[in-house]
Structure formats: C-alpha cells, structure tokens
Amino acid sequence: MAQYDYDLFVIGGGSGGVRAARVAAALGKRVALAEEFRFGGTCVIRGCVPKKLYVYASQFPEHFEDAAGYGWTVGEAKFDWKTLVANKEREISRLEAIYKRNVEGSGGETIHSRAELVDRHTIRIVDKNRTVTADQILIATGGRAAAHPALPGHEHCIYSNEVFDLPELPKAIMIEGGGYIAVEFANIFHGLGVETTLVYRGKEILSRFDMDLRRTLHETMEHKGIRILLHSVSQEVSKRGDGRLDVTLNTGQKLTVDQVLLAIGRTPNTENLGLEAAGVEMDKQGAIVVDRLSRTSADNIWAVGDVTNRVQLTPVAIHEAMCFVETAFKDNPTEPDHDCIPTAVFSQPEIGTVGLSEDDAAKRFKHLEIYRTSFRPMRHTLSGRQEKMLMKLVVDGDTRLVLGAHVLGPDAGEMAQLLGITLKAGLTKDDFDRTMAVHPTAAEELVTMYKPTYLVKDGVRVDG
C-alpha cells in the first residue's frame, strides 16, 4: 500500500473546504488544508457576511424615517463609511480566526500558501517551494467575480472584491448586472445615500426567480429612487480629468458616476492549479466536472462548491463537503441533494424563495393552483410607508403538493428557511390549511390563503 504524507489534502479554505477538513480530521484522518488568501473564503471575507452587514447599515435611514410614526423624534443622522469598513474588517477577521482554529482544533494542519497539483497524489506548496503527497485530494477553491476584458475602460471598474473596501463612499455609482450581487448592492448603496443606477441586459432583474417577485421588487426599488435600465449594457467606460467616469450604454445613454461596479457573473477558480497534470477534466467554462458523488475524472480527487459550478451557494458547498466525507471516509456513498434549495436575496425589501417558480412549474405540471396575496405589513401602518409585501404559493392542482413558496417583504429570508423544511418534507396545501396561524404576523398569510387566486392549465392562466 502506498504511503502518503496525508490522508486528505484540501485546496481552498472557504466554507466547503474548511468543513471537509475539520470533519475528516475529527475522524482521525491526517489532514492538511492550504489557503492562499484568507480562511473563510468568499462568503466570510468578501461575500455573504460583509454583504449582510452592509445591508443592515443601509437600512437605518428608513428605520429613522419610520420611527416618527411611532412617536420617536430622531435627531440629525450622520453616516461614516470608514467606520463601517473598519468594523466590518474586525468582524470578518474574528470569523477568519475561528475558521482556521476549527480545523486545527480538530487535528488538521493549516497552510497559508497557494497549492497546485503536480500529479494525482502530489501537491506543490508554492510559497514554501516544497511538495507533499496525499491519498485523497479535495479541491474547494471557489470562484471569483467574472472580469470583462472586452469592455473598453474595464480597468476603471471595480468588482465585488473591491466594493467592500472603497477608500470613500461614492456620490454616484453604476452597477451592471441583474443577479443577487448587483441587486443587493444597488439597494445597499442607495440606502447609504448614493445616487444609484442599475444596468441590466435582460428584460427583468433576477432571472430564474418567480416573475411576480421580480416585477414587484423592481417597482419598489424604482419607487425608492433607484434607477433601473433594462435591455442595456455598457459599451465604454472612460475616466475624466476630475477622476469621475463617463459610461456609454448600447442605447446611446451616457452616465457620469464615481464608480462602476461590474456584477456580471462568477468564474470558477481553476487556473494554474495543475488540473491537467492530475487528469482532472474541466468544462468549457473552466468548472471542474464531477460525478454525482463529487468525484472528478481522477478517482482520488474530488471537488465541491462554486469551483464545480453546480449551485453557487455557501450552504450547498458545506452540504457537498459533508457528503464527500461520508463517501470518502465513512464507506457511505452519499449524493448531494440539490433539490428544493431555499435561498434569499437581501434586497430591500428582501426576497425568500424555495421550490419552483410559477413559470417553471407550468412547464412540468398540467394543472396549477396559484395562491397569491399582496398587502401592507403591519409594521408600515403607523410609519406611513407604502411598500407592499407579496406572498405566493405554487401548488400542483392534481396532488395538492406545494411546489414553490415565494415571499417578498421584511424577514422573507427567515421565512424561506422554514418554508424550505415544509417543501422538502413534501407537504401539501392541505397541510398548510390545517396549520394554525400565528397572529398578528405577516407569515400567517401563508396558512390562511384558502382559495386559489387563479389557476394555470396547460400553461395558460385561468381566472376565477
């Protein structure tokens, strides 16, 4: 039997890599994990966690406004960008230390260096200029913001990596893209007082989400003062003498802003990893090709998370890592379950969703019942804020199975987590109807919509 330095070597210290390393080490395996940047990966360092902190920061102006209706008098409010950035950095540094400590506390070794494959069992520790060997190798290098080298002036633009640490808050920003990152940062910057324009090539923001949510969020964002330009892409970005940026769109429109944020997708981190030398296959987008158990074309090398370009969500990477450990070290082949994944968009108002959209369900089921309600949540009644909340259930009309649940409004993400349990359990609309409401809450609407708003038969809406 071949002897190796490690039973498992993990390349990439994000959520998936750290989870796999920690759990495998706790089983008594000889484990090492190499990370070239900071432990915690995209989510902790330059993704979900700092993003959510910035979302909280950007909500305070509305909270101050709403307080008046409840009898509060709030004095002049001032915001300091540098304070937010510094406090964010302190928090993610705390979390980074925990991630690293969790691996080491379980008996694993952490290596602060880039690591590259030499062959199927050999890894080069670049910063230390030495090689080690491992029986099993897990690649969890994640992804990064997609660049746009074809755009003239792209060198003047920023991406999601830089946006958290800008030296100063811009007075005006253009954000290109229509997905999670673009929509969330459009709301963040607007909430912080920045003149914000969102530019998207598609017909509506947030593709693949339910159209009711997409349209309602779009309308609400524009009502707040965010400018949204659809069917539009930037054609050139040029820097002016005063340091500001001129942007020319394909429509002929011209914008002058202080920053341009490109949020046009993500690219797997697979360049120069030595994958070819190790016999690891990649697809045309550069993502690592894996089978249903996350095994690559080299049978001792595995991959999880965004580098595989399956579902780009942190909890998915963690789930895939747990399945990998079961398969590789517990003799219990476990396939990651990517069905019915709840997710949230931390826009303002936020979105929480799980299951099929109405359009997707109509392609797969002949008879749908759609339950939909829109109302002003109780918290806005005294504040005078006119924002509406939207709730929607997509139900198979033949089996009564709830196929999709979609919420737009305060705490929608929290609701999506609990709705994810109910849909995963295969509950029916009758189960929703039998559930007692909690009053007064917004979520009670999910169990008090007794009659369908409309039907969909063979893809055609039928009112009545």
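Residues numbered from 1 in each chain as written. Predicted model: local features only at pLDDT ≥ 70, side-chain atom pairs only at ≥ 80, totals over all residues. Heavy atoms only, no water.

### Some remarks on the environment of Arg310
Consideration 1: Structurally, Arg310 is set in the loop between β16 (301–303) and α8 (314–329).
Consideration 2: When its relative accessible area of 27% is taken as the criterion, Arg310 is described as partly exposed.
Consideration 3: Placed 22 residues apart in sequence, Arg310 and Ile288 show a C-alpha to C-alpha distance of 9.7 Å.
Consideration 4: A polar contact of 3.1 Å, which involves the side chain of Arg310, links it to the side chain of Ser294.
Consideration 5: For Arg310, the side chain forms a polar contact with the side chain of Thr308, separated by 3.0 Å. (Helix = DSSP H or I, 4+ residues; strand = E, 2+ residues; numbered from the N terminus. Buried < 20%, exposed > 50% of the residue type's maximum accessible area, 1.4 Å probe, protein only. Polar contact = N/O pair within 3.5 Å; in protein donor to acceptor, adjacent residues only side chain to side chain.)

### Let's talk about the sheet that holds strand β12 (residues 245–249)
Hydrogen bonds between backbone atoms are what pair the strands of a sheet, whose relative direction is either parallel or antiparallel.
Consideration 1: Pairing is antiparallel across the open sheet formed by 3 strands, whose spatial order is β11-β12-β13. Looking at strand neighbours, the two that pair on one side only are β11 (234–239) and β13 (254–257), the edges of this open sheet. Averaged over all adjacent pairs, the angle separating strand axes in this sheet is 20°, with direction ignored.
Consideration 2: Pairing of β12 with β13 involves 4 bridges; the strand directions are antiparallel. Considered in β13, the bridge of Thr248 is made with Lys254. (Pairing = 2+ DSSP bridges. Axes fitted to C-alpha atoms, helices over the stretch in contact; angles between N-to-C directions.)

### Description of the pattern of salt bridges
Consideration 1: Inspection of every chain in the model, using the stated rule, returns 38 salt bridges.
Consideration 2: Linking Arg120 and Asp299 is a salt bridge whose minimum nitrogen-to-oxygen distance equals 2.4 Å. Residue Arg120 is located in the loop between β4 (115–117) and β5 (122–125), and its partner Asp299 is located in the loop between β15 (266–268) and β16; the two are separated by 179 residues in the primary sequence.
Consideration 3: Owing to a relative accessible area of 34%, Arg120 belongs among the partly exposed residues under this scheme.
Consideration 4: One salt bridge in this structure joins Arg244 and Asp258, with 3.0 Å as the shortest N-O distance. In this pair, Arg244 is assigned in the loop between β11 and β12 and Asp258 in the loop between β13 and β14 (259–262), connecting sequence segments 14 residues apart. (Salt bridge = Lys/Arg side-chain N within 4 Å of Asp/Glu carboxyl O.)

### As for a nonpolar patch on the surface
Consideration 1: Taken together, the side chains of Phe60, Phe64, Tyr70, Trp72, Val74 and Leu382 present a nonpolar region at the surface, about 650 Å² in accessible area.
Consideration 2: Looking at Val74, the relative accessible area reads 40%, which means it is partly exposed. (Patch = residues over 30% accessible without salt bridge, like charges linked within 9 Å, V, L, I, M, F, W, Y side chains within 5 Å. Areas by Shrake-Rupley, 256 points an atom, 1.4 Å probe, with all protein chains shown as cover.)

### A closer look at the packing of aromatic side chains
Consideration 1: Using the criterion set out here, one finds 10 aromatic pairs in the structure.
Consideration 2: Ring geometry for Tyr54 versus Phe164: centroids 5.4 Å apart, planes at 65°, classification edge-to-face. Within this pair, whereas Tyr54 is found in helix α3 (residues 48–67), its partner Phe164 is found in the loop between α5 (160–163) and β8 (172–176), the two being separated by 110 residues in sequence.
Consideration 3: Its relative accessible area of 1% is what places Tyr54 among the buried residues.
Consideration 4: One aromatic cluster is present, built from ring pairs that chain together Tyr54, Trp81, Phe164, Phe185 and Phe189. (Phe/Tyr/Trp six-rings, centres within 6.5 Å; stacked < 30°, edge-to-face > 60°.)

### Re the nonpolar core
Consideration 1: Residues Ile175, Leu198, Ile205 and Met221 are the most contacted members of the largest nonpolar core, which totals 38 residues.
Consideration 2: Those elements that provide at least two residues to this core are α3, α4 (81–105), β8, α6 (180–191), α7 (211–224) and β17 (343–345).
Consideration 3: A per-element tally of this core places α6 first, with 6 residues.
Consideration 4: Counting 24 residues, the second largest nonpolar core, distinct from the first, contains Ala134, Ile139, Val280 and Val290. (Core = buried A, V, L, I, M, F, W, Y, C linked by side-chain atoms within 4.5 Å.)

### Looking at the packing of helix α1 (residues 15–26) against α8
Consideration 1: It is at 8 Å that the axes of α1 and α8 come closest, and there the two elements cross at 30°. In terms of orientation, α1 and α8 fall into the roughly parallel class. Here the hand of the crossing between α1 and α8 comes out right-handed. Contact residues: Ser15, Gly16, Arg19, Ala20, Val23 and Ala24 in α1; Thr314, Ala317, Ile318, Ala321, Met322, Phe324, Val325 and Phe329 in α8.
Consideration 2: The residue inventory of the contact of α1 with α8, partitioned by class, reads 10 nonpolar, 3 polar and 1 charged. (Parallel < 35°, antiparallel > 145°, perpendicular 65-115°, else oblique. Left-handed = near helix turned anticlockwise from the far one by under 90°. Contact = heavy atoms within 4.5 Å. Nonpolar A, V, L, I, M, F, W, Y, C, P; charged D, E, K, R; others polar.)

### As for unusual backbone geometry
Peptide bonds are, in most cases, trans, and in most cases residues other than glycine have a negative phi.
Consideration 1: Note the cis peptide between Gln348 and Pro349, where omega equals 5°.
Consideration 2: Residue position: Pro349 is located in the loop between β17 and β18 (351–355).
Consideration 3: The amide bond that connects His439 to the next residue, Pro440, takes the cis arrangement and shows omega of -5°.
Consideration 4: Among the structural elements, Pro440 can be located in the loop between α11 (429–434) and β22 (454–457).
Consideration 5: You will see that His231, though not glycine, has its phi angle at about 50°, which is positive.
Consideration 6: The residue His231 is located in the loop between β10 (227–229) and β11 in this model.

### Considerations on the side chain of Asp210
Consideration 1: Note that Asp210 resides in the loop between β9 (195–199) and α7.
Consideration 2: A distance of 3.0 Å separates a polar side-chain atom of Asp210 from the backbone nitrogen of Asp212.
Consideration 3: A polar contact is formed between the side chain of Asp210 and the side chain of Lys392, at a distance of 2.9 Å.
Consideration 4: Setting aside chain neighbours within four positions, we find Asp210 in contact with Ser357, Glu358, Lys392 and His406.

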